[in-house]
Amino acid sequence: MTATRTAFKSRPAPAFDVERIRAGFPILRLKVGGKPLVYLDNAASSQMPQPVIDRLVRYQTTQHANIHRGVHYLSEVATGEYEEARRKLQRFINAPDEREVIFTSGTTDGINLVMHGYGRKCIGAGDEIILTTLEHHSNIVPWQMLAEEKGAKIRVVPINDAGELLIGEYEKLFNERTKFVGVMHVSNALGTINPVKHMTAFAHAHGVPVLVDGAQAAPHMMIDVQDLDCDFYAFSGHKLCGPTGIGILYGKAALLETMQPFKGGGDMILSVTFEKTTYNTIPHKFEAGTPPIAAAIGLGAAVDYLSAIGMDAIATHELDLLNYATAQMTRMPGMRIIGTAKNKAAVLSFTVDGVHPHDVGTLLNQEGVAVRTGHHCAQPVMQRFRVPATSRASFAFYNTLAEVDALIAGIRTMQKVFA
Ligand SMILES: Cc1ncc(COP(=O)(O)O)c(C=O)c1O
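Quick notes on the rules
Residues numbered from 1 in each chain as written. Predicted model: local features only at pLDDT ≥ 70, side-chain atom pairs only at ≥ 80, totals over all residues. Heavy atoms only, no water. Near = heavy atom within 4 Å. Polar contact = N/O pair within 3.5 Å; in protein donor to acceptor, adjacent residues only side chain to side chain. Nonpolar A, V, L, I, M, F, W, Y, C, P; charged D, E, K, R; others polar. Helix = DSSP H or I, 4+ residues; strand = E, 2+ residues; numbered from the N terminus. Buried < 20%, exposed > 50% of the residue type's maximum accessible area, 1.4 Å probe, protein only. Pairing = 2+ DSSP bridges. Axes fitted to C-alpha atoms, helices over the stretch in contact; angles between N-to-C directions. Parallel < 35°, antiparallel > 145°, perpendicular 65-115°, else oblique. Left-handed = near helix turned anticlockwise from the far one by under 90°. Contact = heavy atoms within 4.5 Å.

On to the site of the ligand, then. If you check the shell around the ligand, you find Thr107, Thr108, His136, Ser138, Met184, Asn188, Asp213, Ala215, Gln216, Ser236, His238 and Lys239 and nothing else. One of the side-chain N or O atoms of threonine 108 is found 2.6 Å from an oxygen atom in the ligand. Between aspartate 213 and the ligand, the recorded distance is 2.6 Å, taken from a side-chain N or O atom to a nitrogen atom. Taken together, the residues of the shell around the ligand sort by class into two nonpolar, eight polar and two charged.

Structure (structure tokens):
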């Protein structure tokens, strides 16, 4: 999993210039307590580059009106830009059809949409839903609510000490009552990349649909929903350089067509009388009310921006950062890395002997280093590793090796204080 500094140096130069990229992120120029900001909390939310900020300003200053309703100039412009953003997202994940891209408020909203629209219709008493130990609470709690309502059962795929799913155990969970699989693509708490393509193929062989929570994968790697063949794929805009309050749910058209709408209201109908309402076609059936138009257009700009850099180049640079940080931390006494999967992305969770994770976060903040501490909305993972919380450094393509050095130096200083 780890690579040494020497190994890093011997690799070909990354396909992008990180300093030039950083220059495009105004917030990265901030100082915190007089020290340069070292932002390593990207798994919680990433920062926004100037082209995305500019796009939001251009929309608000020259293009804003409500969409799908007006025949006037601005309404037509805004509608066109909103629908163009949908096509950009379609291309970003290689979805076959733009109607399969639903704008949501984020990953949580997308998963809840599937739970209400698909789960409530197709999962009943005695049926089983397979989830994994790694899941974020947003891919646990909605299914628990459904299980409680319907009398269904949740089965959980265990993990090994490295934080990898036990795929043999996953396969053993299937039986004639299995009706649904929910699995995250990349773990936000540990960084583990799950074999979702294989898991999907296995579920399909049993006639079971699969939802992939892509919140931590879409920002870091090329996503091809046709190659994965998953039935649903959800992610949030704010984790991939876009605005908050926006995300997408990809769903196969054949499934979306049969699903119940999650929310009722304007824009999701074809006609309404007090006797009967007929619903709009997909994706509009799932986008009730005025959507976050500016945010959707901003997300379109964000995926354009990322695609111009190249998701493969992003993944390569982030892996270099992860390997460099892991190699250093592995050599430090008194440190425990939580999550040592062979296949990892951009996340380094750790504990420091004798220092509570919250103190780790506070003391690193004094050095200008932003990391997340806590259970990362993944309490079952914490329970599995018997820790109440971890500290988590999570990398983005705009982070540098010097920032990893700042993290390590901050931990060394802290260890001296607590020695
Ligand atoms: C793996 C994973 N799933 C779901 C979510 C929820 O995302 P949001 O709060 O944007 O809906 C997160 C957020 O951290 C996440 O990391």
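Between isoleucine 282 and the following residue, proline 283, the backbone shows a cis peptide bond with an omega angle of 5 degrees. Phi is positive for histidine 376, which is not a glycine, with a value near 55 degrees. By the element assignment, histidine 376 lies in the loop between β16 (372–374) and α14 (379–384). Judged by its relative accessible area of 7%, histidine 376 falls in the buried class. Of note in the backbone geometry, arginine 386 takes a positive phi value of approximately 55 degrees without being a glycine.

To continue, consider the pairing of strand β10 (residues 247–251). In terms of burial, β10 is largely enclosed, as five of its five residues are buried. Here β10 shows no split at all, with Gly247, Leu249 and Gly251 on one side and Ile248 and Tyr250 on the other all buried. Where strand β4 (residues 101–104) and β10 come together, four bridges link them in antiparallel fashion. Following the sheet pairing, threonine 104 is matched in β10 by glycine 247. Two strands pair when backbone bridges link them, and strand β9 (residues 232–236) and β10 are joined in this way by five bridges, in the antiparallel orientation. Opposite alanine 234, over in β10, you have leucine 249 as the bridge partner.

Below, the discussion takes up the side chain of aspartate 127. With respect to the helices, strands and loops of the structure, aspartate 127 is situated in the loop between α5 (107–122) and β5 (128–132). There is a polar contact of 2.7 Å between the side chain of aspartate 127 and the backbone nitrogen of glycine 124.

The next point concerns the packing of helix α12 (residues 311–331) against helix α15 (residues 401–418). As a packed pair, α12 and α15 sit with axes 10 Å apart at the nearest point and diverge in direction by 25 degrees. Considered as vectors, α12 and α15 are oriented roughly parallel to each other. In this structure, α12 crosses over α15, and the sense of that crossing is right-handed. Of α15, the residues touching α12 (which contributes Leu321, Tyr324, Ala325, Gln328 and Met329) are Leu401, Val404, Asp405, Leu407, Ile408 and Ile411. Here the contact of α12 with α15 is composed, by residue class, of nine nonpolar, one polar and one charged.

Strand pairs in the sheet, formed through backbone hydrogen bonds, run parallel or antiparallel to each other. Read from one edge to the other, the open sheet built from seven strands follows the order β4-β10-β9-β8-β7-β5-β6, with strand pairing classed as mixed. On the outer flanks of this sheet lie β4 and β6 (153–157), each paired with one strand and no other. Adjacent strand axes in the sheet meet at a mean angle of 20 degrees when their direction is disregarded. As paired elements, strand β7 (residues 178–184) and strand β8 (residues 210–213) share four bridges and run parallel to each other. In the sheet register, valine 181 faces β8, and the bridge partner there is valine 210.

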